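Examination of the molecular architecture
Chain by chain, the residues:
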Amino acid sequence: MLLPTIAIGFAAYFGGDNGWRYACATSGVVMMLYSVLFYKFVRNTPKGATYFKPKKSGAMTVTSKSDFWLMMAFKLPMYLALALLAWKLSPAGVSLLTQSAVNMVYIGLGVLYIYEFISSYRFNQDVFVNEVPEAQRYDFKQVGILNILYFATFGSELAVVSMLPLFFLETFEVSVVMAGLLASSYAFMNLMSRPGGGWLSDKFGRKITLLILTAGLALGYFLMGIVDATWPLALALLITMFCSFFVQAGEGAVFAVIPLIKRSMTGQFAGMTGAYGNVGSVVYLTVLSLVSYQAFFMVIAATAVIGFLALFMLKEPEGVIIEEMPDGSFAEIKVT
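A short tour of the structure in this document, coming up.

**With respect to the overall build of the chain**
A tally of regular secondary structure across the chain gives 11 helices and two strands. Each helix and strand of the chain, placed in order from N terminus to C terminus, yields the pattern α-α-α-α-α-α-α-α-α-α-α-β-β. For the chain, whose C-alpha radius of gyration is 22 Å, the value lies close to the compact-globule estimate of 20 Å for 336 residues. Considered along the principal axes of its C-alpha atoms, the chain spans approximately 65 × 50 × 45 Å. Each of the 336 residues in the chain was classed as buried or not, and the buried ones make up 41%. For the chain, contacts bridging at least 24 residues in sequence account for 76% of all contacts bridging at least 6. Surface summary for the chain: the accessible area is close to 18,200 Å², and the carbon and sulfur share equals 69%. Positive and negative side-chain charges of the chain, numbering 21 and 19 respectively, have mean locations separated by a distance of 7 Å.

Next up, the structure:
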């Protein structure tokens with residue numbers, strides 16, 4: 001909310017055309033100060049909780065042959081997203097890289113994926129020989145569904161916060177500061193909606209919460225897709241905030257499920273799911289470069305519908321999670 005005004009202030013007094021750079025730098029200063037507070041006061045786990053970690057490191061563990069192939073399939077879009085970024089920087093896009101440089105990026109990404117495939121296979125080759133006990137298994141399909149949902153939720157958030165000021169500026173012909181202020185309403189909802197999504201999941205159930213929030217997300221983006229200059233600005237703002245609530249509550253609800261798949265692999269699952277948010281933003285912003293604002297919002301709504309349908313394959317976490325302790329014994333973690 002404050003950044004556009006800060007930028008204009010810098011520009012007026014000593015920054016000139018670089019006022020926006022000084023404004024962005026103030027964010028960096030605040031982050032540096034906050035990092036000190038974070039280091040001093042944050043704990044790895046809540047007091048009294050056990051910190052579980054994977055028995056071995058090096059790659060993501062899977063517990064069946066089919067899960068290995070599914071994991072490698074879900075890793076591929078992360079490489080394709082980087083290739084898409086390279087293409088956007090090529091002469092076919094904004095011409096920041098030469099075609100030779102882009103071709104080298106493509107080759108590098110291909111080699112890196114092959115290397116990861118081989119490393120992951122070696123790390124998990126035991127599942128091709130021996131069957132993992134049922135109590136120690138997890139279903140990678142659960143992770144894949146959450147990846148899709150985070151693609152639609154956080155991926156769309158990253159894309160929309162990038163373009164929303166321009167959307168308001170061009171659609172309603174408001175000032176730059178007003179456009180930034182209006183667009184900030186989308187991000188402002190984070191203060192309550194993302195933790196609210198996690199709270200709703202814990203209270204009413206993970207699967208039903210995700211179903212409702214994903215449906216609301218699809219509806220919100222559909223409404224944004226039909227907003228134009230004839231609409232009252234106040235109504236457009238309300239629709240933006242309505243959509244934002246479901247998007248960011250959905251993000252919180254996704255991360256309410258992740259620790260309940262397999263506790264010791266929470267960090268790896270969270271990292272992969274979080275990466276799918278970035279994959280989503282790259283895809284959505286590429287779509288935006290090819291279509292109108294209205295079509296852009298409709299595309300996001302369509303992917304949310306895909307996520308909604310995928311949710312019917314999600315298993316509601318229940319029962320117990322079996323985790324191996326450092327001494328070799330096994331602990332049962334009850335899921336409520």
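**Let's talk about the pattern of salt bridges**
The final tally for this structure, using the stated rule, is six salt bridges. For Glu 131, the salt bridge is made with Arg 137, and the minimal N-O distance between the two is 2.6 Å. A relative accessible area of 67% means that Glu 131 is categorised as exposed. Classification of Arg 137 by relative accessible area gives partly exposed; the value is 29%. Between Glu 251 and Arg 194 there is a salt bridge whose closest N-O contact spans 2.6 Å. Placement of Glu 251 in helix H9 (residues 233-257) and of Arg 194 in helix H7 (residues 190-204) is noted, with a sequence separation of 57 residues between them. Taking the relative accessible area as the measure of exposure, Glu 251 reaches 1% and is therefore buried. Each of Glu 157, Arg 194 and Glu 251 takes part in salt bridges that share partners, so that together they form one network.

**Notes on the environment of Asn 130**
With respect to the secondary-structure elements, Asn 130 resides in the loop between helix H4 (99-124) and helix H5 (140-172). Residue Asn 130 is classed as partly exposed on the basis of its relative accessible area, which comes to 41%. A distance of 2.7 Å separates polar atoms of two side chains, one belonging to Asn 130 and the other to Asp 126.

**Section: a nonpolar patch on the surface**
A contiguous nonpolar patch, built from Met 1, Leu 2, Leu 3, Ile 6, Met 178, Leu 181, Phe 188, Leu 191 and Met 192 and spanning about 880 Å² of accessible area, is present on the exposed surface. Among the elements that make up the nonpolar patch, the one with the highest residue count is helix H6 (residues 176-188) (three residues). Along the polypeptide, Phe 188 turns up in helix H6. Taking the relative accessible area as the measure of exposure, Phe 188 reaches 42% and is therefore partly exposed.

**Regarding H4**
Between its terminal C-alpha atoms H4 stretches 37 Å, which fits the 38 Å expected from 26 residues at 1.5 Å a residue. Along H4, the positions that sit buried rather than exposed are Val 102, Leu 109, Tyr 113, Ser 120, Phe 123 and Asn 124. Considering only its buried residues, H4 is in contact with helix H3 (65-89).

**Concerning the layout of surface pockets**
Approximately 730 Å³ is the volume found for the largest pocket. Lys 55, Lys 56, Thr 61, Gln 136 and Glu 324 are, among the 29 residues lining the largest pocket, the residues nearest its centre. Of all the elements in the fold, those that place two or more residues in the lining of the largest pocket are H4 and strand E1 (319-324). The biggest single contributor to the lining of the largest pocket is E1, with three residues. Taken together, the residues that form the lining of the largest pocket break down as 13 nonpolar, eight polar and eight charged.

**Concerning the nonpolar core**
Formed by 68 residues in total, the largest nonpolar core has its most connected members in Leu 164 and Tyr 221. The element best represented in this core is H5, accounting for 16 residues. Contact partners of Tyr 221, with chain neighbours within four places excluded, come to Ser 156, Glu 157, Val 160, Tyr 186, Cys 243, Val 247, Phe 297, Ile 300 and Ala 301. In terms of nonpolar packing, the next biggest core, distinct from the first, is built from six residues, Phe 52, Leu 260, Ile 321 and Val 335 among them.

**Focus: the environment of Ile 114**
Along the chain, Ile 114 falls in helix H4. Between the C-alpha atoms of Ile 114 and Thr 63, which are 51 residues apart in sequence, the distance is 21 Å.

**Here we look at empty space enclosed by the protein**
Enumeration according to the criterion identifies one cavity of 30 Å³ or more in this entry. By volume, the largest cavity is sized at about 30 Å³. Lining the largest cavity we find Phe 167, Met 224, Val 227, Ala 236, Ile 239 and Thr 240. In terms of residue count, H9 provides more of the lining of the largest cavity than any other element does, three residues in total.

Cut-offs applied
- Residues numbered from 1 in each chain as written.
- Predicted model: local features only at pLDDT ≥ 70, side-chain atom pairs only at ≥ 80, totals over all residues.
- Heavy atoms only, no water.
- Helix = DSSP H or I, 4+ residues; strand = E, 2+ residues; numbered from the N terminus.
- Rg over C-alpha atoms; globule rule 2.2 N^0.38 Å.
- Buried < 20%, exposed > 50% of the residue type's maximum accessible area, 1.4 Å probe, protein only.
- Contact = heavy atoms within 4.5 Å.
- Areas by Shrake-Rupley, 256 points an atom, 1.4 Å probe, with all protein chains shown as cover.
- Lys, Arg positive; Asp, Glu negative; His and termini not counted.
- Charge placed at Lys NZ, Arg CZ, Asp CG, Glu CD.
- Salt bridge = Lys/Arg side-chain N within 4 Å of Asp/Glu carboxyl O.
- Polar contact = N/O pair within 3.5 Å; in protein donor to acceptor, adjacent residues only side chain to side chain.
- Patch = residues over 30% accessible without salt bridge, like charges linked within 9 Å, V, L, I, M, F, W, Y side chains within 5 Å.
- Expected span 1.5 Å × (residues − 1).
- 1 Å grid on protein atoms, 1.4 Å probe; cavity = no way out; pocket = protein on both sides within 12 Å on 5 of 7 lines; lining within 4 Å.
- Points joined across faces, edges and corners; volume = space filled by probe spheres on them.
- Nonpolar A, V, L, I, M, F, W, Y, C, P; charged D, E, K, R; others polar.
- Core = buried A, V, L, I, M, F, W, Y, C linked by side-chain atoms within 4.5 Å.

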